[in-house]
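In case you want the letters, here they are:
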Amino acid sequence: MAELSVQDVFGGEDLLIKLLADLDEVFPQRTPTPDDSLSKLMFEAGQRNVIDYLYSLTDNVLLP
């Protein structure tokens, strides 16, 4: 598999860092409460899964 650079994937390191910081702020990881419905838990888990996926991409690209 060819190695990708940050530029190839995200268009630059600064954009990636800002994007992940913004997503972390808007969709923070939180501890569920007993009052949360199953659908709310599943929805929020899906949101965080996208952010976690983007973080995993940063582990697989070469930073300049």
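### Re the nonpolar core
(1) Moving on: Residues L16, L20, L23, I51 and L54 constitute the largest nonpolar core, which totals 5 residues.
(2) Moving on: The set of elements that each furnish at least two residues to this core consists of α2 (13-26) and α3 (38-59).
(3) Moving on: Considering each element in turn, this core owes the most residues, 3 residues, to α2.
(4) Moving on: Setting aside chain neighbours within four positions, we find L20 in contact with I51, L54, Y55 and T58.

### Things to note about the side chain of D36
(1) Moving on: Turning to its location among the elements, D36 is positioned in the loop between α2 and α3.
(2) Moving on: Engagement of the side chain of D36 in a polar contact is seen with the side chain of R30, the distance being 2.7 Å.
(3) Moving on: A distance of 2.9 Å separates a polar side-chain atom of D36 from the backbone nitrogen of T33.
(4) Moving on: Residues in contact with D36, not counting those within four places in the same chain, are R30 and L41.

### Points about the pattern of salt bridges
A side chain of one charge can pair with a side chain of the opposite charge when the charged atoms of the two come close.
(1) Moving on: Applying the stated criterion across every chain, the model contains 6 salt bridges.
(2) Moving on: Put simply, D22 and K18 hold a salt bridge, and the shortest N to O gap is 2.8 Å. With a gap of 4 residues between them, D22 and K18 both fall in helix α2, about one helical turn apart.
(3) Moving on: Among the ionic pairs, R48 bridges to D52, the shortest N-O distance being 3.7 Å. Residue R48 and its partner D52 are both found in helix α3; the two are separated by 4 residues, about one turn of the helix.
(4) Moving on: On the accessibility criterion, D52 (36% relative accessible area) is partly exposed.
(5) Moving on: In the salt-bridge network here, residues are joined through shared partners; they are R30, D36, K40 and E44.

Calculation notes
Residues numbered from 1 in each chain as written. Predicted model: local features only at pLDDT ≥ 70, side-chain atom pairs only at ≥ 80, totals over all residues. Heavy atoms only, no water. Core = buried A, V, L, I, M, F, W, Y, C linked by side-chain atoms within 4.5 Å. Buried < 20%, exposed > 50% of the residue type's maximum accessible area, 1.4 Å probe, protein only. Helix = DSSP H or I, 4+ residues; strand = E, 2+ residues; numbered from the N terminus. Contact = heavy atoms within 4.5 Å. Polar contact = N/O pair within 3.5 Å; in protein donor to acceptor, adjacent residues only side chain to side chain. Salt bridge = Lys/Arg side-chain N within 4 Å of Asp/Glu carboxyl O.

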